[in-house]
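Below are the chains, spelled out letter by letter.
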Amino acid sequence: MNMITERADQAREFFRPDQVWPFLVPPQQQSVDVSKQVLLYIEGVNLSFDGFKALNNLNLYINDGELRCLIGANGAGKTTLMDVVTGKTRPDTGSVYFGSNINLLEHSEDEIAQLGIGRKFQKPTVFEAQTVFDNLELALKSNKGVIATLLSRLSPTELLRIDEVLQIIGLQDQRFMLAGALSHGQKQWLEIGMLLMADPRLLLVDEPVAGMTPQETERTAELLTSLAGERTVIVVEHDMEFVRSIARTVTVLHQGSVLAEGSMDQVQNNKDVIEVYLGEEA
Amino acid sequence: MSTSGMLQSVFKDRGQPGGRVMPFVIILLVVTVLASALNLLTPEGSALHVSTYTITLLGKYLCYAMLALAVDVVWGYCGILSLGHGAFFALGGYAMGMYLMRQIGDRGVYGNPLLPDFMVFLDWQELPWFWLGMDQFWVAMIMVLLVPGVLAYVFGFLAFRSRVTGVYLSIMTQALTYALMLAFFRNEMGFGGNNGLTDFKDILGFDLQSDTTRIVLFLLTAGFLCAALLTSHWIMNSRMGKVILAVRDSEARTRFIGYKTETYKVWLFVYSAVIAAIAGALYVPQVGIINPGEFSPINSIEVVIWVAVGGRGTLIGAVVGALLVNYAKTRFTAILPEGWLFMLGALFVLVTLYLPKGLIGLYSQLKQQLGAGKPAAAGTGKSSSAAKTEGAGA
Ligand SMILES: Nc1ncnc2c1ncn2[C@@H]1O[C@H](COP(=O)(O)OP(=O)(O)OP(=O)(O)O)[C@@H](O)[C@H]1O
Ligand SMILES: [Mg+2]
């Protein structure tokens, strides 16, 4: 008897008229809670590839609006860290939160992108068989469902936005060129432009100035610094000159965990850092 | 015209792979209508007469062209190398074949009004459940679309969601068509075993042997092929088409800008399977038979070669490739039947080495070289206006 009433209660609960079943609720953009000023929480993250610890109890907090530089020797785990944040790789343990409310480990790559995290790859990756314009159009912040893209047309605002970004990345004259025909530096910029199109909250930029001329590097530095504030930017770079020119806070990664954090000068005079770097050179 | 409209037309002008299809569609329709008229209106002995045999042969080629188009849509545009599209073609064909079987009624050898001959032969007493309703044309037509469509959805969902790509995916598609072939060979499956379904009499009451029925089927095939070309062109020129190309060139990048790529792949795969199925359904009444041989893995591989020869990633290329290679096959097998597979292999090697973009690629390269002398501005103006009219037409 008891069981029957229990079941009936369950059924009543299930069919409550004032509620919608969770699977029928349209997936809505969760907004990020940054009331604690921190945009990205990475806590106790461990990840190993066949026994090799690529990330080792890593803790990292990124403030909202900050421009953070991430440095470290080859294989320190910088790219792997970005893989974890963007959903490409799942850590073995640990937690990754976007704001204090969104657990990134529960989301797939495309959902994370839609939440407002953009990523530039270490090796510039643009759609080479399509024009610069198309590349930017694809990256537009828009409904990315199949039917919506099938029927979508560019609105005047969207066109303006594309023009604006073309201006920022200095590719106005190349807009109808195939992306594959761009120089290496231009591809890097196009990829940054694609990030901007999506209007992201957080940008993860992996080695943006590799293969750029000094002038191009300088312009990239300007661009990235101008983005911080409104957006949060994490830059991975080996070019120390470049890091010095943009960095406010630098985090040094070593063997999958944080070795030191602080201003460029602090970090450079840190004895652990000196030891590791000198040790590598010896 | 709005700025966005202008931009759109400029885009098409920038030669998205696929190029313009409208001129080709018109040529195709004119040729088929002309051939039909010459068949019906000129006397048999006349020099202009097109024989019914030729019409049937052309109709068959057009079905193959549609199948090639289906493969091109997934392979050329999205990088999904399907080596099993013959399965969708054959399933569409079987659904049509079942309808045609039931149309025979009591005119079969055993004169059983309900059961097709092969069932009487197997001593079956009643129609299996999946044959019920197949005497209704509309039910059969729904099955033509539904069965291959659902199979493609389930297959695509499982494969793409587990991120199977490249060679592994191709092998899975081969396995799919091979497994179906083995299944359809079995008598107990209820599809006529290795003899398949044949001896059809009429379709919707029209005699399948009559010239007019054959002409109508031929024209219908051309019509469906054109519709498939135009629809595919529309899809590939929409933003969805750009996403599809993006998936082909860098799926990871596409994910990281927020597209659920597996959903795109699944739906494109379903679209492609449905085109293949329609082609199969049009094929069966024209050739008069469907048997498990159509599931053979070799068939699906041949389709890929047609597409490669014509030029993958160009809609017209797939059609042209299928037409030319099949014409060559008809000619060649008349002289040296055993040699064809070697020819086909050699053709594939040659195309892969020397014509990576196929015949269409060669054609546009030649055109570019010839047109290089002309002033560029005039050329652009002319082609962009062409793009506009074509945009309106499509
Ligand atoms: N998918 C993988 N499978 C196995 N090992 C991997 C994988 N991805 C990364 N690694 C290893 O993890 C370690 C960290 O790699 P990661 O790419 O994160 O380094 P990085 O700091 O970005 O170096 P670089 O400055 O060279 O880009 C390396 O030793 C690398 O070989
Ligand atoms: Mg790296």
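In this report, the structure presented in the accompanying data block is examined. (Residues numbered from 1 in each chain as written. Chains lettered and ligands numbered in written order. Predicted model: local features only at pLDDT ≥ 70, side-chain atom pairs only at ≥ 80, totals over all residues. Heavy atoms only, no water.)

**What about the overall build of chain A?**
- Helix and strand counts for chain A stand at 11 helices and 10 strands.
- With respect to the principal axes defined by its C-alpha atoms, chain A has extents near 80 × 50 × 35 Å.
- Here chain A holds 282 residues, and the buried ones make up 51% of them.
- Residue pairs at least 24 apart in sequence account for 67% of intrachain contacts in chain A once pairs closer than 6 positions are excluded. (Helix = DSSP H or I, 4+ residues; strand = E, 2+ residues; numbered from the N terminus. Buried < 20%, exposed > 50% of the residue type's maximum accessible area, 1.4 Å probe, protein only. Contact = heavy atoms within 4.5 Å.)

**Focus: the sheet that holds strand β6 (residues 117-120) of chain A**
All names here are of chain A.
- Across the sheet, 6 strands lie side by side as β6-β7-β8-β3-β9-β10; this open sheet has mixed pairing. At either margin of the open sheet sits one strand with a lone partner, and together these are β6 and β10 (257-262). Each strand of the sheet is rotated relative to its neighbour by a mean of 20°, with strand direction disregarded.
- Where strand β7 (residues 202-206) lies against strand β8 (residues 232-236), 5 bridges are found, and the strand directions are parallel. (Pairing = 2+ DSSP bridges. Axes fitted to C-alpha atoms, helices over the stretch in contact; angles between N-to-C directions.)

**Details of the pairing of strand β9 (residues 249-254) of chain A**
Residues and elements named next belong to chain A.
- Burial analysis of β9 places 5 of its 6 residues in the buried class, which makes it a mostly covered element.
- Here strand β3 (residues 67-71) runs beside β9; their pairing, made up of 4 bridges, is parallel. Counted as the bridge partner of L70 is T251 from β9.
- Pairing between β9 and β10: 5 bridges, direction antiparallel. Each residue of the ladder has a partner; that of V252, found in β10, is A260.

**Brief notes about the sheet that holds strand β2 (residues 52-63) of chain A**
Residue and element names in this part refer to chain A.
- Pairing is antiparallel across the open sheet formed by 4 strands, whose spatial order is β2-β1-β4-β5. Of all strands in the sheet, those with a lone pairing partner are β2 and β5 (102-103), marking the two edges.
- Note that strand β4 (residues 93-98) and β5 share 2 bridges and pair antiparallel. Residue pairing for β5: F98 is matched across the bridge by I102.

**So, the site of ligand 1**
Residue and element names in this part refer to chain A.
- Inspection of the region around ligand 1 gives 14 residues, with N74, K78, T79, T80 and H238 positioned closest.
- G75 places a polar main-chain atom, nitrogen or oxygen, 2.9 Å from an oxygen atom of ligand 1.
- The side chain of T80 places a nitrogen or oxygen atom 2.5 Å from an oxygen atom of ligand 1.
- Contact with the protein chains removes 62% of the 630 Å² of surface that ligand 1 exposes when unbound.
- Contributions of two or more residues to the shell around ligand 1 are made by β2 and α2 (78-85).
- Here the element with the most residues in the shell around ligand 1 is α2; it accounts for 3 residues.
- Among the residues forming the shell around ligand 1, the class breakdown is 5 nonpolar, 7 polar and 2 charged. (Near = heavy atom within 4 Å. Polar contact = N/O pair within 3.5 Å; in protein donor to acceptor, adjacent residues only side chain to side chain. Areas by Shrake-Rupley, 256 points an atom, 1.4 Å probe, with all protein chains shown as cover. Nonpolar A, V, L, I, M, F, W, Y, C, P; charged D, E, K, R; others polar.)

**With respect to the coordination of the magnesium ion (ligand 2)**
Residues and elements named next belong to chain A.
- Ligation of the magnesium ion (ligand 2) by protein atoms is provided by T79 (OG1) and Q122 (OE1), these donors lying 1.9 to 2.2 Å from the ion. Of this pair, T79 sits in helix α2 while Q122 sits in the loop between β6 and α4 (132-139), placing them 43 residues apart in sequence.
- Looking at Q122, the relative accessible area reads 37%, which means it is partly exposed. (Donors = N, O, S within 2.8 Å, 3.2 Å for Na, K, Ca; no water.)

**Here we look at the pattern of salt bridges**
- Across all of its chains, the model carries 27 salt bridges over all chains by this definition.
- Put simply, D134 of chain A and K242 of chain B hold a salt bridge, and the shortest N to O gap is 3.3 Å. With D134 of chain A in helix α4 and K242 of chain B in helix α9 (residues 239-249), this pair bridges two chains. The two residues D134 of chain A and K242 of chain B agree in class, both being buried. (Salt bridge = Lys/Arg side-chain N within 4 Å of Asp/Glu carboxyl O.)

**Notes on the interface of chain A and chain B**
- Contacts between the two partners involve 37 residues from chain A, matched on the other side by 33 residues from chain B.
- Summing both partners gives a buried area of about 3300 Å² for chain A against chain B, and 62% of it is carried by carbon and sulfur.
- Ranking the residues of chain A by area buried against chain B places F127, L150 and F176 of chain A at the top, with a combined share of 18%.
- Connecting chain A to chain B are 9 salt bridges.
- The residue E158 of chain A makes a salt bridge to R239 of chain B at a minimum N-O spacing of 3.8 Å.
- For the interface between chain A and chain B, the tally reads 19 residue pairs in polar contact (both at pLDDT 80 or more).
- Elements with a minimum of two residues in the side of chain A that touches chain B: α3 (109-115), β6, α4, α5 (146-151), α6 (156-168) and α7 (184-197) of chain A.
- Residue composition of the side of chain A that touches chain B, by class: 15 nonpolar, 10 polar and 12 charged. (Buried area = accessible area lost by both parts, 1.4 Å probe.)

**Brief notes about helix α14 (residues 340-354) of chain B**
Residues and elements named next belong to chain B.
- The first and last C-alpha atoms of α14 sit 21 Å apart over 15 residues, in line with the 21 Å expected at 1.5 Å per residue.
- Taken together, the buried positions of α14 are W340, L344 and V351. The buried residues of α14 occupy an angular sector of 40° when projected down its axis, which confines them to one face. Exposed side chains of α14 directed beyond 90 degrees from the buried face belong to F342, L353 and Y354.
- Looking at the packing, one finds that the buried side of α14 touches α12 (297-310) and α13 (315-335). (Expected span 1.5 Å × (residues − 1). Arc of directions from axis to C-beta.)

**A short note on the side chain of Q188 of chain A**
Residues and elements named next belong to chain A.
- Within the element layout of this structure, Q188 appears in helix α7.
- Take Q188: its relative accessible area is 0%, and that puts it in the buried class.
- In this structure the side chain of Q188 is engaged in a polar contact, spanning 3.3 Å, whose partner is the backbone oxygen of P208.
- Discounting residues that sit within four places of it in the chain, Q188 has contacts with K120, P124, E207, P208, V209, A210 and M212.

**Considering the packing of helix α2 (residues 22-41) of chain B against helix α3 (residues 52-78) of chain B**
Residue and element names in this part refer to chain B.
- Direction vectors running N to C along α2 and α3 enclose 155°, while the axes themselves pass 10 Å from each other. Comparing the axis directions of α2 and α3 gives the class roughly antiparallel. Handedness of the crossing formed by α2 with α3: left-handed. Across the interface between the two elements, L28, T32, A35, S36 and N39 of α2 pack against T52, I55 and L62 of α3. (Parallel < 35°, antiparallel > 145°, perpendicular 65-115°, else oblique. Left-handed = near helix turned anticlockwise from the far one by under 90°.)

Without other data, these values stay purely geometric and don't point to any function.
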